[in-house]
Amino acid sequence: MEFTKNEGSVFLNGKAQIVEMLEFMTAEEKNVLLTNIKQRNPSLALELQEKSLSFCDLDKLSDHEICVMFTQAKPEILGLALKDIDSSFQRRILSLAPREYAEIAYTILVKPIKDSRALIKKAQNRIVGILINLSKRGQVQL
């Protein structure tokens, strides 16, 4: 998928371009594109799907799939990942969690953290990584 042209020093990274396109597509458009790619190259389709995932995609999971995630993610990480996210999304996730888990996550969620932007992004990426692993094991459908 990568192409290099020596004369004009043009470098195209097809995977990166497709991932960028997937970020702007609707769920239906994304599914059509990934299905078409999957017919020719299933491993590439899986890789593109994984690279295009974001923490906000967690909202598209079923309640059962979110509950499966609780078994793998520490509540402190989830609480940090939920900072700066829409409050209705926070409520949905925490309402599905077991009470003790939700209390720990909520404590971290409301706790002020200095220079939290990088930590929040790291926590969100950790949750996305957990979802990818669960997807590979067939426990969630991304």
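Residues numbered from 1 in each chain as written. Predicted model: local features only at pLDDT ≥ 70, side-chain atom pairs only at ≥ 80, totals over all residues. Heavy atoms only, no water.

### Here we look at the overall build of the protein
Move 1: Looking only at helices and strands, the protein features 8 helices and 2 strands.
Move 2: Ordering the α and β elements of the protein from the N terminus gives β-β-α-α-α-α-α-α-α-α.
Move 3: Projecting the C-alpha coordinates of the protein onto the three principal axes gives extents of approximately 60 × 35 × 25 Å.
Move 4: Within the protein, the proportion of its 142 residues that are buried is 37%. (Helix = DSSP H or I, 4+ residues; strand = E, 2+ residues; numbered from the N terminus. Buried < 20%, exposed > 50% of the residue type's maximum accessible area, 1.4 Å probe, protein only.)

### Some details on the pattern of salt bridges
Move 1: One pass over the structure, following the stated rule, counts 7 salt bridges.
Move 2: Connected through shared salt-bridge partners, Asp59, Asp63 and Arg92 make up one network. (Salt bridge = Lys/Arg side-chain N within 4 Å of Asp/Glu carboxyl O.)

### Observations concerning unusual backbone geometry
Move 1: Its identity as a non-glycine residue notwithstanding, aspartate 84 has a phi of 60 degrees, on the positive side.
Move 2: Structurally, the position occupied by aspartate 84 is in the loop between α5 (75–81) and α6 (87–96).
Move 3: Exposure remark for aspartate 84: the relative accessible area of 54% places this residue in the exposed category.

### Some thoughts on the packing of aromatic side chains
Move 1: Tallied over the entire structure, the rule returns 2 aromatic pairs.
Move 2: On the basis of an interplanar angle of 80 degrees and a centroid distance of 5.9 Å, the ring pair of phenylalanine 55 and phenylalanine 89 is categorised as edge-to-face. Here phenylalanine 89 lies in helix α6 and phenylalanine 55 lies in the loop between α3 (42–52) and α4 (63–70), a separation of 34 residues in the sequence.
Move 3: Phenylalanine 55 sits in the buried class, given a relative accessible area of 5%.
Move 4: On the basis of relative accessibility, which here comes to 7%, the residue phenylalanine 89 falls in the buried class.
Move 5: Measuring from centroid to centroid gives 5.0 Å for phenylalanine 70 and tyrosine 101, while their planes differ by 55 degrees, and the two rings are tilted. On the criterion of sequence distance, the pair formed by phenylalanine 70 in helix α4 and tyrosine 101 in helix α7 (residues 99–110) is long-range, its members being 31 residues apart.
Move 6: Assessed through its relative accessible area of 11%, tyrosine 101 is described here as buried. (Phe/Tyr/Trp six-rings, centres within 6.5 Å; stacked < 30°, edge-to-face > 60°.)

### So, the environment of leucine 119
Move 1: The residue leucine 119 is located in helix α8 (residues 116–136) in this model.
Move 2: Sequence spacing of leucine 119 and alanine 105 is 14 residues, and the spatial spacing of their C-alpha atoms is 15 Å.
Move 3: Every residue in contact with leucine 119, bar those within four places of it in the chain, is listed here: Leu80 and Ile113. (Contact = heavy atoms within 4.5 Å.)

### A few points about the packing of helix α1 (residues 14–24) against helix α2 (residues 27–40)
Move 1: One way to put it is that α1 packs onto α2 with a least axis distance of 9 Å and a crossing angle of 150 degrees. In terms of axis orientation, α1 runs roughly antiparallel to α2. Of the residues in α2, those in contact with Ile18, Met21 and Leu22 of α1 are Lys30, Leu33, Leu34 and Ile37.
Move 2: Looking at the contact of α1 with α2 residue by residue, the class counts come to 6 nonpolar, no polar and 1 charged. (Axes fitted to C-alpha atoms, helices over the stretch in contact; angles between N-to-C directions. Parallel < 35°, antiparallel > 145°, perpendicular 65-115°, else oblique. Nonpolar A, V, L, I, M, F, W, Y, C, P; charged D, E, K, R; others polar.)

### Remarks on α7
Move 1: Compared with an ideal rise of 1.5 Å per residue, which puts 12 residues at 16 Å, α7 spans 16 Å between its outermost C-alpha atoms and is within 8% of the ideal.
Move 2: Along α7, the residues that are buried comprise Tyr101, Ala102, Ala105, Ile108 and Leu109. For α7, the angular spread of buried residues about the axis comes to 125 degrees, placing them on one side. Along α7, exposed side chains directed more than 90 degrees from the buried face belong to Arg99 and Glu100.
Move 3: In this structure, the buried side of α7 is in contact with α4, α5 and α6. (Expected span 1.5 Å × (residues − 1). Arc of directions from axis to C-beta.)

Any functional reading would require information that these geometric values do not contain.
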